[in-house]
Amino acid sequence: MDSNNKENETEKLTRILSVVQNLYYKKKEQLEDLELEISDLQSILNQINSLISNKSFSSADELYSKIQSLEKKPVDDYFKEEISEEIFKGTNIKRKIFSNQNQKEENLLCVLNLYDFKRVEIKFIDPENRAIQETSERFINVFLKGALIRIKENNPNLSISYRFKNTDKIEYITISNLSSIEDYDLITEKIRELLAREM
């Protein structure tokens, strides 16, 4: 009887640990997003201060046109052939995949980051529970065949690497040499499908 009670307590503690871990990672991601927003706001403030100090005798029309010229280019401009790769540097498009196991609670399963429109880093939250293995049939059929092999047909320079959590469970996937945002869309879609059993 005592051993049953201990097992029940262990199960409860394990569930509590899982909930707290998910909340921790969710809050951590929100904090990272806020830090990026603060950094962007600081950059804009610096640009405005610079304009004001350098152009203190300029007319309001001139100041306004300068501010307009400092605004970021639309995303479509990044895909024009005449844009140099230097402009891509420093860009980051983050996507998060959540589960909704019950109506009250949403769990973060995975975070994807596209850097410089060339490299994707995929981080699985709580990889031991996700139990995604490089050699599993589901991983091969859904992700490798469904996304990477299709992308590699048009992009032979594509490369992939893995980092594992303690055992053979994948924690990180890094995919390099992407050629378009559509590649990132396909990768996101297939990761979402791979994790569908968790959602």
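Let us look at the structure shown here.

About the criteria used
- Residues numbered from 1 in each chain as written.
- Predicted model: local features only at pLDDT ≥ 70, side-chain atom pairs only at ≥ 80, totals over all residues.
- Heavy atoms only, no water.
- Helix = DSSP H or I, 4+ residues; strand = E, 2+ residues; numbered from the N terminus.
- Buried < 20%, exposed > 50% of the residue type's maximum accessible area, 1.4 Å probe, protein only.
- Contact = heavy atoms within 4.5 Å.
- Areas by Shrake-Rupley, 256 points an atom, 1.4 Å probe, with all protein chains shown as cover.
- Patch = residues over 30% accessible without salt bridge, like charges linked within 9 Å, V, L, I, M, F, W, Y side chains within 5 Å.
- Salt bridge = Lys/Arg side-chain N within 4 Å of Asp/Glu carboxyl O.
- Core = buried A, V, L, I, M, F, W, Y, C linked by side-chain atoms within 4.5 Å.
- Polar contact = N/O pair within 3.5 Å; in protein donor to acceptor, adjacent residues only side chain to side chain.
- Expected span 1.5 Å × (residues − 1).
- Bend = angle between axes of the 7 residues up to and from the residue.

**A closer look at the overall build of the protein chain**
Reasoning step 1: Each helix and strand in the protein chain was counted, giving five helices and five strands.
Reasoning step 2: Reading the protein chain from its N end, one meets helices and strands in the order α-α-β-β-β-α-α-β-β-α.
Reasoning step 3: Looking at the protein chain residue by residue over its 199 residues, the buried ones come to 29%.
Reasoning step 4: Nonlocal contacts in the protein chain, meaning residues at least 24 apart in sequence, comprise 58% of its contacts between residues at least 6 apart.
Reasoning step 5: Here the protein chain displays about 13500 Å² of accessible surface, and carbon together with sulfur accounts for 51% of that area.

**As for a nonpolar patch on the surface**
Reasoning step 1: On the surface, a nonpolar cluster with roughly 300 Å² of combined accessible area is contributed by L13, I16 and V20.
Reasoning step 2: Mapped onto the elements of the fold, I16 is located in helix α1 (residues 2-54).

**A closer look at the nonpolar core**
Most often, soluble globular proteins keep nonpolar side chains buried together rather than apart.
Reasoning step 1: Within the largest apolar cluster, 30 residues are counted, with the highest numbers of intra-cluster contacts made by I122, F143, I175, I187 and I191.
Reasoning step 2: Secondary structure elements with two or more residues in this core: β2 (105-115), β3 (119-124), α4 (137-154), β5 (169-176) and α5 (181-194).
Reasoning step 3: With seven residues, the single largest contributor to this core is α4.
Reasoning step 4: When neighbours within four sequence positions are excluded, I191 is seen to be in contact with I97, C110, L112, I122, F124 and F143.

**Brief notes about the side chain of K123**
Reasoning step 1: Looking at the element boundaries, K123 is found in strand β3.
Reasoning step 2: Relative accessible area serves as the criterion here: at 18%, K123 is assigned to the buried category.
Reasoning step 3: A polar side-chain atom of K123 sits 3.5 Å from a polar atom in the side chain of Y172.

**Quick notes on unusual backbone geometry**
Reasoning step 1: The backbone phi angle of D116 is positive, close to 55°, even though this residue is not glycine.
Reasoning step 2: Take D116: it is sitting in the loop between β2 and β3.
Reasoning step 3: Its relative accessible area of 26% is what places D116 among the partly exposed residues.

**What about α4?**
Reasoning step 1: With 18 residues, α4 ought to run about 26 Å at 1.5 Å a step, and its terminal C-alpha atoms sit 24 Å apart, in line with that.
Reasoning step 2: A maximum bend of about 45° is found in α4 at L144.
Reasoning step 3: Packed against the buried residues of α4 are β3, β4 (159-165), β5 and α5.

**Section: the pattern of salt bridges**
Reasoning step 1: For the structure shown, the criterion picks out nine salt bridges.
Reasoning step 2: Between E29 and K94 there is a salt bridge; the shortest N-O distance is 3.2 Å. Within this pair, whereas E29 is found in helix α1, its partner K94 is found in strand β1 (residues 92-102), the two being separated by 65 residues in sequence.
Reasoning step 3: Take K94: its relative accessible area is 23%, and that puts it in the partly exposed class.
Reasoning step 4: The partner of R95 in a salt bridge is D185, with the nearest N and O atoms 2.7 Å apart. Of the two residues, R95 sits in strand β1 while D185 sits in helix α5, which places them 90 residues apart along the sequence.
Reasoning step 5: Of the residues examined, R95 reaches a relative accessible area of 23% and is grouped as partly exposed.
Reasoning step 6: Exposure remark for D185: the relative accessible area of 35% places this residue in the partly exposed category.
Reasoning step 7: Linked through salt bridges whose partners overlap, the residues forming this network are E29, E32, D33, K94 and K96.

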